[in-house]
2 protein chains.
Amino acid sequence: MTPEEFRRHGREVIDWIADYIEQVERYPVHSRARPGDLREALPETAPRAGEPFEDILADVDRLILPGITHWQSPSFFGFYPANTSPPSILGELLSAGLGVQGMLWTTSPACTELEQHVLDWLVEMLDLPKKFLSSGSGGGVIQDTASSAVLCALLAACYRHGGANGRSAGIDRRLVAYASDQAHSSIEKALLVAGMGTGRLRKIETDDGFAMRADCLAERMAADVADGLVPAFVCATVGTTSSAAVDPLESIGEICCRHGAWLHVDAAMAGTAALCPEFRGMHDGLEAADSYAFNPHKWMFVNFDCDCFFVADRGPLLEALSILPEYLRNQATQSGQVVDFRDWQVPLGRRFRALKLWFVIRSFGVEGLQEKIRGHVALAEEFAGWVEADESFELAVPRSLNLVCFRHGGGDDVNQQLLDALNDSGQVFLTHTRLENRLTLRFSIGQTGTRREHVERAWGLIRETARAQQSPQ
Amino acid sequence: MTPEEFRRHGREVIDWIADYIEQVERYPVHSRARPGDLREALPETAPRAGEPFEDILADVDRLILPGITHWQSPSFFGFYPANTSPPSILGELLSAGLGVQGMLWTTSPACTELEQHVLDWLVEMLDLPKKFLSSGSGGGVIQDTASSAVLCALLAACYRHGGANGRSAGIDRRLVAYASDQAHSSIEKALLVAGMGTGRLRKIETDDGFAMRADCLAERMAADVADGLVPAFVCATVGTTSSAAVDPLESIGEICCRHGAWLHVDAAMAGTAALCPEFRGMHDGLEAADSYAFNPHKWMFVNFDCDCFFVADRGPLLEALSILPEYLRNQATQSGQVVDFRDWQVPLGRRFRALKLWFVIRSFGVEGLQEKIRGHVALAEEFAGWVEADESFELAVPRSLNLVCFRHGGGDDVNQQLLDALNDSGQVFLTHTRLENRLTLRFSIGQTGTRREHVERAWGLIRETARAQQSPQ
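Residues numbered from 1 in each chain as written. Chains lettered and ligands numbered in written order. Predicted model: local features only at pLDDT ≥ 70, side-chain atom pairs only at ≥ 80, totals over all residues.

**Q** What exactly am I supposed to notice about the overall build of chain A here?
**A** Counting secondary structure elements, chain A contains 16 helices and 11 strands. For 473 residues, the compact-globule estimate of 2.2 N^0.38 gives 23 Å, and the C-alpha radius of gyration of chain A, at 24 Å, lies within 12% of that figure. Each principal axis of the C-alpha atoms in chain A carries an extent, and together these give about 70 × 60 × 45 Å. Counting all 473 residues of chain A, 60% fall into the buried class. Summarising the internal contacts of chain A: among those between residues at least 6 apart in sequence, 74% fall at separations of at least 24. (Helix = DSSP H or I, 4+ residues; strand = E, 2+ residues; numbered from the N terminus. Rg over C-alpha atoms; globule rule 2.2 N^0.38 Å. Buried ≥ 20, exposed ≤ 12 C-beta atoms within 10 Å, placed from the backbone. Contact = placed C-beta atoms within 7 Å.)

**Q** I tried to follow the sheet that holds strand S6 (residues 291-294) of chain B on my own but got confused; where do I start?
**A** Strands belonging to one sheet form pairs held by backbone hydrogen bonds; the direction of such a pair is parallel or antiparallel. Residue and element names in this part refer to chain B. Read from one edge to the other, the open sheet built from seven strands follows the order S1-S7-S6-S5-S4-S2-S3, with strand pairing classed as mixed. Edge positions in the sheet fall to strand S1 (139-143) and strand S3 (201-204), since each has one partner strand and no second. When the angles between neighbouring strand axes are averaged without regard to direction, this sheet yields 20°. Note that S6 and strand S7 (residues 307-311) share four bridges and pair antiparallel. Of the residues in S7, the one forming a bridge with Tyr292 is Phe310. Here helix H10 (residues 249-259) sits on the sheet and contacts strand S4 (230-237) and strand S5 (262-266); the angle it forms with S4, its principal contact strand, is near 165°. (Pairing = 2+ DSSP bridges. Axes fitted to C-alpha atoms, helices over the stretch in contact; angles between N-to-C directions.)

**Q** Teacher, can you tell me more about helix H8 (residues 185-193) of chain A here?
**A** Since there are 3.6 residues in each turn of an α-helix, residues three or four apart along the chain are aligned in direction. Most of H8(A) is tucked away, with seven of its nine residues classed as buried. In the stretch just after H8(A), Gly195(A) is the one whose phi turns positive, near 75°.

**Q** I would appreciate a short explanation of the relation of the copies chain B and chain A in the present structure.
**A** Put simply, the two copies of the chain differ by a rotation about an axis and a shift along that axis. Its rotation angle being 180°, the transformation that places chain B on chain A also includes 0.0 Å of axial translation and leaves an RMSD of 0.0 Å. One copy is carried onto the other by what is essentially a two-fold rotation axis. No C-alpha of chain B lies nearer the rotation axis than that of Ala194(B), which sits 2.1 Å from it. In this assembly the copies share their binding face: 100% of the residues contributing to the interface of chain B also contribute to that of chain A. (Least-squares fit on C-alpha atoms with pLDDT ≥ 70 in both.)

**Q** Teacher, can you tell me more about the pairing of strand S10 (residues 431-435) of chain A here?
**A** Residues and elements named next belong to chain A. The pairing of S10 with strand S11 (residues 438-444) spans five bridges and is antiparallel. The residue bridging Arg434 from the neighbouring strand is Leu439, located in S11. In this structure, the hairpin formed by S10 and S11 is closed by a connection of two residues, where Glu436 is found at a positive phi of approximately 50°.

**Q** For this particular structure, what's the right way to read the environment of Leu441(A)?
**A** All names here are of chain A. With respect to the helices and strands, Leu441 occurs in strand S11. The exposure class assigned to Leu441 is buried, which follows from the 23 C-beta atoms found within 10 Å. Separated by 107 residues in the primary sequence, Leu441 and Gln334 place their C-alpha atoms 54 Å from one another. Residues in contact with Leu441, not counting those within four places in the same chain, are Phe406, Arg407, Asn415, Leu419, Leu430 and His432.

**Q** I keep staring at the pairing of strand S9 (residues 403-408) of chain A and nothing clicks. Help me out?
**A** Both faces of the sheet carry side chains from a regular strand, because those side chains alternate between them. Residue and element names in this part refer to chain A. Summarising burial for S9: six of the six residues are buried, a large majority. The alternating pattern of S9 places Leu403, Cys405 and Arg407 on one face and Val404, Phe406 and His408 on the opposite face, and all of these are buried. Bridge analysis of strand S8 (residues 393-395) against S9 gives three bridges, and the strand direction is antiparallel. Bridged to Leu395 within S9 is Phe406. Across four bridges, the pairing between S9 and S11 is antiparallel. Bridge pairing in S11 places Cys405 opposite Arg442.

**Q** Honestly, helix H6 (residues 146-159) of chain B in this entry has me stumped. Any pointers?
**A** Here H6(B) contains 14 residues, and its C-alpha end-to-end distance of 20 Å stays within 8% of the 20 Å for a straight helix at 1.5 Å per residue. A large share of H6(B) lies buried, amounting to 14 of its 14 residues. (Expected span 1.5 Å × (residues − 1).)

**Q** I tried to follow the interface of chain B and chain A on my own but got confused; where do I start?
**A** Many descriptions give the size of an interface as the accessible area lost when the pieces come together. Counting residues at the interface gives 119 residues for chain B and 119 residues for chain A. At 14 residues, the largest contribution of residues to the side of chain B that touches chain A is made by helix H1 (residues 3-23) of chain B. Partitioning the side of chain B that touches chain A into residue classes produces 60 nonpolar, 38 polar and 21 charged. (Nonpolar A, V, L, I, M, F, W, Y, C, P; charged D, E, K, R; others polar.)

**Q** Even after reading the chapter, I still don't get the packing of helix H4 (residues 86-98) of chain A against helix H14 (residues 354-389) of chain A, so can you show me in this structure?
**A** All names here are of chain A. Where H4 contacts H14, the axes come no closer than 7 Å and their chain directions differ by 150°. It follows from the interaxial angle that H4 and H14 lie roughly antiparallel. The two elements H4 and H14 cross, and the hand of that crossing is right-handed. Seen from H4, the contacting residues are Pro87, Ser88, Leu90, Gly91, Glu92, Leu94 and Ser95; seen from H14, they are Leu355, Lys356, Trp358, Phe359, Val360 and Ser363. Across the contact of H4 with H14, the residue classes tally to seven nonpolar, four polar and two charged. (Parallel < 35°, antiparallel > 145°, perpendicular 65-115°, else oblique. Left-handed = near helix turned anticlockwise from the far one by under 90°.)

**Q** What is the right way to look at the sheet that holds S10(A) in this model?
**A** All names here are of chain A. The strand order across the open sheet built from four strands is S8-S9-S11-S10, with neighbouring strands paired in antiparallel fashion. In this open sheet, the two strands that pair with only one neighbour each are S8 and S10. On average, adjacent strands in this sheet sit at an angle of 40° to one another, irrespective of strand direction. Packing of H14 onto the sheet brings it into contact with S8, S9 and S11, and relative to S9 it is tilted by some 15°.

**Q** Is there a simple way to explain the nonpolar core in this structure?
**A** Nonpolar side chains tend to gather and get buried jointly when the protein is soluble and globular. Core analysis: the largest hydrophobic core is formed by 334 residues, its most contacted members being Leu154(A), Leu155(A), Ala194(A), Leu154(B), Leu155(B) and Ala194(B). Setting aside residues no more than four positions away along its own chain, Leu154(A) makes contact with Ala177(A), Ala190(A), Ala194(A) and Phe233(A). (Core = buried A, V, L, I, M, F, W, Y, C linked by C-beta atoms within 7 Å.)

**Q** What should I look at first to understand unusual backbone geometry in this one?
**A** In terms of backbone geometry, most residues other than glycine have negative phi values and most peptide bonds are trans. Of note, the amide linkage connecting Phe304(A) to Asp305(A) takes the cis form, showing an omega dihedral of 10°. Position of Asp305(A) relative to the elements: it lies in the loop between helix H11 (296-299) and strand S7 (307-311). Located in the positive-phi region is Phe79(B), a residue other than glycine, with phi close to 40°. For Phe79(B), the location among the structural elements is in the loop between helix H3 (53-64) and helix H4 (86-98).

**Q** When you look at the packing of helix H1 (residues 3-23) of chain A against H4(B) in this model, what are you seeing that I'm missing?
**A** Think of two packed helices as two axes; the pair is described by the angle between the axes and how far apart they sit. Across the interface, H1(A) lies against H4(B) with an axial gap of 10 Å and an inter-helix angle of 10°. Taken together, the axis directions place H1(A) and H4(B) in an arrangement best described as roughly parallel. Contacts between H1(A) and H4(B) involve Phe6(A), His9(A), Gly10(A), Val13(A), Ile17(A) and Tyr20(A) from the former and Pro86(B), Leu90(B), Leu93(B), Leu94(B) and Gly97(B) from the latter. The class makeup of the residues in the contact of H1(A) with H4(B) is eight nonpolar, three polar and no charged.

Note that every value here comes from positions in space, so none of it alone points to a role or purpose.
Structure follows, in structure tokens:
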């Protein structure tokens, strides 16, 4: 494909995406594909000769679209938002066009420096503790996901217990990690990946609002210490996946401090809300955290992947992850004047992800972002009010930010049927969780294009579908 | 940004990239930025109000470009190729526009099925062992990097030793891993991440051609067994980073088989050469491998990130990495009819990376890809001939595929000065390694736009620069 052909086909793809944004509501939100549908339609082997781009793009419509669950639909209320936006798409495009590697400062200085700079901006934008700024001993870095962030935090926490011989000896078997029983599955996975095993994770009980009970954490740590174990790592959650519960950071921080345990705060989805001063209460006590992560690729209009991970002290992170083989040595690194982000993450290579984050922040502006977030939270508040006012439904917990957990009063089977019918309709997409062992529907508002009319229509559909199911057939 | 504005700005970015591809030779290949240059030019805080896209794109020219090391320049001969191509850029663009999550089959069936299908294509295209096909007990998956692939392979290898209690108990401390002293630093890093510590990695001696000595591997394993340790994992390399050396897979495979150790083969850069039957000798013995990885984002015209990771048996991988919290349960997963790729990797989320791989394979066709690869290898062969014919220079090792390791006869200082002068010229970019403790220049040919004239010009510049340095000043 020559540059001239690229210009032509590039415009076609841009138009395709613009059309998609305009027409996404036409498609069933949840794909109706059955297992194997796509594979049956694809040729068994790769083509020997090149094919015209027109044919490939036509196949995207014909073969790929039916197998898409439309995360960018304004009627997508499942899981968590994973939104994107036009400036983010263009940032990703430019990053692909430049095709640079940001593993070392020297392999593209702008890639590292823009990332440092924009993550410093975010410290101010979210009013995070100043110790996360790159100007001091800490700093921020883009990880692919909150899973990788918690893994890196865990490794930093564990290797700092090892002393001079730690990197050679591996992670001390006496180290223990803690998180609430509502914390994300990635924490358990991090313990598997770090070779510690899930048996080293203590799942701490939660209160009626599904927030970690600090008293239980303190008790469990004391018991572990009495058993000769070492509390090394606590992951507190700001906005749990099931119900957006917020752990009490202040009391957890005090306990961590007492035991010398590393406190990581996972605010993957909820963190973005801190753009608005009125929601910053969820971060009370964050000063005690050793690390913090939130995902602009969830609720901040930046397409996946873009997790922002901050540490108060980059020393332990580098101690856990840095490697300098001969073929990566260079003057800039040896001068000590630059940061090489390969040492802040598991992979070596990294692409220029700061571009899309920079594009989004500049295009929306802080005020534009605040307006969108406030809009989503206000819609969730309104939706929660409708649920409360309807005697067939109840809130499972009070609404938290942009997430409403609710259920029909008819029990698990009724709720499962309702969920299946709603998703089969193609008009909305919701997912579920279990709270107090009861099936609970989650209504998560955060797609870029979601407006009041979509939420209103969804609620109408939920009520009608439930009513139709309850009436004798 | 409305869809209409997106159409307009999207075209601008497409044109920007087309211009960039056409004009990339104008820029100094290696960025001349000094530490802090970009950060000093950026505003200290994020803008409150949104800014026009025109201003942002103008800043890319004004601020970002000077800080770019141009990996896509046809005169970039450093590290390894990390090439891209127009169809790949458009695949990445479409993926950003669709904005789907491929963590589960149900969250976009096409995302999972296209990935399975294209990775099956690659098994045939590279003539890999059939056991890596998804139709049997194995299958392929896209990882971000070869670092993550080797980590996943190590975890699968280690957890299969743990028995029923393994996930809870963590990785057995008696397990040992092996790789050659030329293997990539990511293997050492994988042992750090897996909590095992670098002390559990045996770096096996290499022969004159920098390939692993199977006799040394066998001896070391026997010694470890005698010490009560368990050989669990071997990483063999096809195409080392320093010199593209190829480990003897057949003998290594026999040794692994004898000890029940998992054999992972890392062909990150070189693997792509197997598109051409004449280069497939490097894969002799691959039938014994439990897993294999190569990076289309290095030499196959697919922009970063895209590592293809294949396992012969997906069971141990799932055993090591699968987690199923309530909020991810769904009918398709429970039916057992589908694959959920979140269980094949460390992160939970994943984007639709198979699109760009599909676009590239279809646009080039197998024959188009072969032609490019053969062209690069032929250029390397020619370059090696020029080095051999020049009495001031010597080959450090015989050329391997697209990589020529050479040096000036004047010793380390001369070579260092030569390297610095070449890179400072802005006309080419090369990197170095050390072989037999001597500074060695690496000339790696693999950028999409590199033609004979670029290699010829680079060689002319290398000779002239060396001659100018040697002459009295």
